[in-house]
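Structural features, examined
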Amino acid sequence: MKMKLALAMIVVACFLSSRIQAALQVGFYLNTCPFAEAIIRKEVFKSFLRDNGIAPGIVRLHFHDCFVRGCDASILIDSTSTNQAEKDGPPNGITLRGLEVIDNAKARLEAACKGVVSCADILSFAARDSVLFTGGQYWNVPAGRRDGRISRASETIEIPAPSFDLDQLTQSFANKGLTQDEMVILSGAHTIGRSRCSSFTNRLYNFSTTTMQDPNLNPSFAESLKQQCPRNSQGNVDQNLAVFMNQSPFLMESSYYSNLFQHGSLFTSDQALLDSQETAQDAADYASNGFAWRRDFAQAMIKMSQIQVLTGDQGEIRANCRVINP
Ligand code: HEM
């Protein structure tokens, strides 16, 4: 009986790890489009100088792409009259940033080497460059991803919600072949960027039948959030209002983890990282060692960026990242 159980667990582990494929290659475009990475980096840098918020925007785009149908650039496809695409799914919509940077890079790449560089790879390179420009650690991006031909808003249910507890988060990452440690590491991306008030106002107003405010939220932090996200006379918060994730929203450093211990993070899903001994220990380690976090973040991004990728003759190289090839 024990033997059977062990065998079943091995089969499940193999199945899950097969969702992360290792068929990609560093230097994939060396012969076919040697300046691909330089062209992408230049576009990201140009946009970053104009608006440093595109860096967190692109990192998040990559995460949301990889969690739905794998890293196949399905998040970049526009909706049509017959299909509501991922882009317009509940966690995405107006919260997405950086889409036009990928379009610009794609236009330049099509002019330099037509039909060669996939939108999925552009997004992965651009996410690496975004981390670099915000002070994170550089990594070599294994490439050779192909673009998917399907994008459905309904499938964005795969993206974890800010209301998730630790078990839900762990399960959501395990579904993509990522460990709980990697979940803690990747959540540290919330050291950069911003959030709409609507993603956390449930913690400020009408939290439960017994308490208005989430008791897990530092009261003075909650007060400052309420000032930034006030309710109008109907009791609603303006959907367009946003706040910075933390005190240094354009710098990849590990204050995200120390904020958790002050109960000063925006989402229930952030605070939930302290709900087990192992995850709280990880968070404590990264709070005190930003270098280790930046190193482990780069490794975890390499793994995330290989979730269920299409390679070889699968998928296509889209000519326009917003539209499936005819
Ligand atoms: C662990 C589960 C996660 C949840 C529940 C979550 C949820 C969210 C939410 C609700 C926002 C704010 C969106 C808005 O209202 O504007 C956000 C922003 C962001 N997330 Fe996550 N996230 C998670 C993991 C990740 C991961 C793994 C990454 C990247 C590796 C990431 C990167 C970001 C970035 C950079 C932003 C800021 C985006 C911007 O400034 O435009 N998140 N996340």
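The following paragraphs examine the structure supplied in this document. Position numbers for residues count from 1 along each chain, tracking the sequence in the order it is written. Whole-chain, interface and lining totals are the exception, using all residues; otherwise, since this is a predicted model, local features are given only for residues with pLDDT of at least 70 and side-chain atom pairs are given and counted only at 80 or more. For the side-chain quantities, the full set of heavy atoms in the structure was used; hydrogens and water were omitted.

The next thing to look at is the state of the cysteines. Here, the term disulfide refers to a pair of cysteine sulfur atoms separated by no more than 2.5 Å. According to the stated counting rule, one finds four disulfides in the structure shown. The disulfide bridge from Cys197 ends at Cys229, spanning 2.1 Å between sulfur atoms. Note on the Cys197 and Cys229 pair: the S-S dihedral is about -75°, so by sign convention the disulfide is left-handed. With Cys197 in the loop between strand E1 (194–196) and helix H8 (219–228) and Cys229 in the loop between H8 and strand E2 (242–244), the pair connects residues that are 32 residues apart, well separated along the chain. The helix and strand labels rest on DSSP assignments: H or I over at least four residues marks a helix, E over at least two residues marks a strand, and numbering proceeds from the N terminus.

Mapped onto the fold, Gly136 is located in the loop between helix H5 (119–133) and helix H6 (166–174). Note on Gly136: relative accessible area 10%, which makes it buried. Separated by 117 residues in the primary sequence, Gly136 and Glu253 place their C-alpha atoms 7.5 Å from one another. The contact criterion used throughout is that any non-hydrogen atoms of two residues lie within 4.5 Å. Residue contacts for Gly136: discarding those within four places in its chain leaves Val131, Met252 and Arg294. In this scheme, a residue with accessible area under 20% of its type's maximum is buried, one over 50% is exposed, and one in between is partly exposed, where area comes from a 1.4 Å probe on protein chains only.

As a further point, take the coordination of the iron atom of the ligand. Donor atoms (N, O, S) are those found within 2.8 Å of the metal centre, with the cutoff raised to 3.2 Å for Na, K and Ca; water is not part of the atom list, so apparent gaps in a site can occur. Protein coordination of the iron atom of the ligand is limited to a single donor, His190 (NE2), positioned at 2.1 Å. Inspection of the secondary structure assignment puts His190 in the loop between helix H7 (180–187) and E1.

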